[in-house]
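Architecture and fold: a report
The residues making up each chain are set out below.
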Amino acid sequence: MRALDWVIIAVYLGYVLVDGVRRAKGTREIEGYFLANRSLPWWAVGLSVMATQLSAITLIGTTGQGATDGMRFVQFYFGLPLAMVILGVTLVPFLHGARVFTAYEYLERRFDARTRSLTSFLFLVARGMSCGTIVAAPAVVFSAIFGWSLLWSVALMGVPTVIYTMIGGVQAVTWVDVKQMGLIVFALIAVMVTLLVQLPVAPGHALALAGAAGRLRAFDFSFDLTNDFTFWSGLIGGTFLMLSYFGTDQSQVQRYITAKSVAQARSSLLMSAYWKIPLQALVLLTGVLVFVFFVFQAPPLLFNPAAEQAVRAEEPAMYGVLDERYRTALQARATAARAVAVARVRGDGEASAASLEAFRAREADVGALRTEALGLARRVTGTSAQDVNYVMPYFVLHFLPVGLIGIFVAAVLAAAMSSIAAELNSLATVSVIDFYRRWVRPEAPDAHYLLVSKAATGVWGLFACAVATFAATLGSLIVVVNRFGSFFYGSILGVFLLAMIPRARATGAFFGLIAGMAAVGAVNFGAPSVSWLWHNVIGAVTVVAVGLVLSPRRA
Amino acid sequence: MSDTPQPGYDSRLFRRTLLSVMAIQVATLLLLWLLQIRYTR
């Protein structure tokens, strides 16, 4: 990175801090601090919903997933539009009309205090942990690439975010999100254009190479419960996950209950839904183009510089031999790729098919050597050697022009900060409204609650930073974050579904919730091969079934 | 000038957003499908 890149990052950090803090003006009561007095326009809320969901993991991990695994991850979001339409006609009018601060507050009105407290406690556990992993994802990568200590990387993102969220509340979170979303989309498009310019072959040939390597397979219609990403797990499991996430997770609910009306809240959700799949496709396609770029520009054997150093020090001879074989395989693959382009330009169908077949074989050779190297790294370091989160940073730092590197790093920081801010704000809301005001101090002036809310935001910020340092070695972080949520999400959704069934009673809801989590736990440990996306379906269905059985009809 | 929405503004906004959602989803899925069948053998 050059001085210009650092200046861009510093300007970005300074701007979000000032912009966030100045939103504190006029916020003297908790209705304004947590809900912006329900006055925000739908488009700002919609962009904020998107920015919250799009974390640094998306920019770093999902592009890496596109490069190493292709487009199939996009299926994960196929249930999203359906979920948003269902939420628009069911939960959104309920929650917006109930004039609540948190989604869980509504559960006490419908059932009882223990159901509210249990669901809000589960939210605090799941979100508190996931907030830590959201900080950890870019922090780990930054420290490996720049050689910074993990603590410094965590502080770079954590400190400004905690300050503006603590002082500015939801107004700061939303309006900073809007600008961060703009920066993220700009950075992605700029990287995509740079990639297309730098590729030595035409875009059509690049797509042919990506397709031959299986990177453009976006649809998998097999019904395989053990496969994480299929059309059906995305559509069915994904719908349940998105219903839970957007319908019952306070970090999302809090975004749309700040909208001016029910219709504006619905529109903000729909807006975020219709941009989500194209945006994810753009992120994955950027990763796919990075893969094609590395077909012509030799990549390292291991993308994680810390793992590479460790292996070189521990097993220099074995790594040397492996690296030499890898270089030869890369050269053969690049030659085969050029032959594909030549055959396609000539319009020779037979030669084109044969050259694609040869390229596929050379790609398999490269893949086998990478697997061998990752196995060696795992043996040497004793930790997961998955380096999917390092592919994009390697490309950015080595091949993007000066200035664009700073913009991309600022976009990664923006993506991380927008998610962290929303989560800290919602964690503080639930802590204050569902616990402090409900159980500790029900009657106090607003100024007191405002002070406690700011303190709670700061405490959750510290907690998230502490968790981040432990979550650092958890492998593919994108899956880890969703896995945390999957243990509880389906069950919490089940309780909200029960709330909409008139005959459901409080006892049924409470014990149904416990049964739902037990069922997910049993499946997770008894049948670990079942994909975690199905946990949401299992949890929700169990809660509704058990809840209805324990809610006898009145005679 | 008042920033209160006109009567019917909310339902028009919702209908318009819903239609855009469907159109963009269908277009994106179609594009992904075409990319897959055109280039994946």
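Every chain begins its residue count from 1, and numbering advances along the sequence as written. Throughout, the order in which chains and ligands are written sets their labels, letters from A for the former and numbers from 1 for the latter. Restriction of local features to residues with pLDDT of at least 70 applies here, the model being predicted, together with a cutoff of 80 or more for giving and counting side-chain atom pairs; totals for whole chains, interfaces and linings are based on all residues.

**Some points on unusual backbone geometry**
Residues and elements named next belong to chain A. As a reminder of what qualifies: By definition, any uninterrupted DSSP run of H or I lasting at least four residues is a helix, any uninterrupted run of E lasting at least two residues is a strand, and each is numbered from the N terminus. The burial criterion counts other C-beta atoms lying within 10 Å of a residue's C-beta, which is placed from the backbone; the residue is buried at 20 or more, exposed at 12 or fewer, and partly exposed between these limits.
Located in the positive-phi region is Ala36, a residue other than glycine, with phi close to 50 degrees. If you trace the backbone, Ala36 turns up in the loop between α2 (30-35) and α3 (42-53). Of the residues examined, Ala36 has 25 C-beta atoms within 10 Å and is grouped as buried. For Arg99, which is not a glycine, the phi torsion comes out positive at approximately 50 degrees. Within the element layout of this structure, Arg99 appears in the loop between α6 (91-97) and α7 (103-110).

**A word on the interface of chain A and chain B**
Going by this rule: Two residues qualify as a contact pair if the distance between their C-beta atoms, derived from the backbone, is within 7 Å. Residue type decides the class: Asp, Glu, Lys and Arg count as charged, Ala, Val, Leu, Ile, Met, Phe, Trp, Tyr, Cys and Pro as nonpolar, and the leftover types, Gly among them, as polar.
Facing 26 residues of chain A, the contacting portion of chain B comprises 18 residues. Among the elements of the structure, α10 (203-212) and α13 (262-296) of chain A are those that each provide at least two residues to the side of chain A that touches chain B. Among the elements that line the side of chain A that touches chain B, the one with the most residues is α13 of chain A, at eleven residues. Taken together, the residues of the side of chain A that touches chain B sort by class into 19 nonpolar, five polar and two charged.

**Looking at the domain arrangement of chain A**
Residue and element names in this part refer to chain A. To be explicit about the condition: An automatic or database domain assignment supplies the start and end points of every domain.
Taken domain by domain, chain A comprises domain 1 (3-294 + 396-470) and domain 2 (305-386). Taking the mean C-alpha position of each, domain 1 and domain 2 sit 34 Å from one another. Put simply, the parts of the chain that give the side of domain 1 that touches domain 2 at least two residues each are α8 (113-146) and α10. Ranked by the residues each element gives to the side of domain 1 that touches domain 2, the list is headed by α10, at four residues. A class-by-class count of the residues in the side of domain 1 that touches domain 2 yields seven nonpolar, one polar and no charged.

**Brief notes about helix α4 (residues 56-69) of chain A**
Residue and element names in this part refer to chain A. Short version of the rule: Multiplying 1.5 Å by the residue count of a helix minus one yields the expected span of that helix.
With 14 residues, α4 should cover 20 Å at 1.5 Å per step; its first-to-last C-alpha distance of 19 Å lies within 8% of that length. With twelve of 14 residues buried, α4 is to be regarded as a mostly interior element. For α4, the set of buried residues is Ala56, Ile57, Thr58, Leu59, Ile60, Gly61, Thr62, Thr63, Gly64, Gln65, Gly66 and Ala67. With its phi angle positive at about 90 degrees, Gly70 sits one or two positions after the end of α4.

**Let's talk about the packing of helix α5 (residues 80-89) of chain A against α13 of chain A**
Residue and element names in this part refer to chain A. Rules: Helix axes use the C-alpha atoms of the stretch in contact, all axes being lines fitted to C-alpha atoms, and the angles between their N-to-C directions lie in the range 0 to 180 degrees. What sets the label is the angle itself: under 35 degrees gives roughly parallel, over 145 gives roughly antiparallel, 65 to 115 gives roughly perpendicular, and the rest give oblique.
Running from N to C, α5 and α13 cross one another at 175 degrees; their axes reach a closest spacing of 9 Å. Taken together, the axis directions place α5 and α13 in an arrangement best described as roughly antiparallel. Contacts from Leu80, Pro81, Met84, Leu87 and Gly88 in α5 reach Arg266, Leu269, Leu270, Ala273, Tyr274, Lys276 and Ile277 in α13. For the contact of α5 with α13, the residue count by class is nine nonpolar, one polar and two charged.

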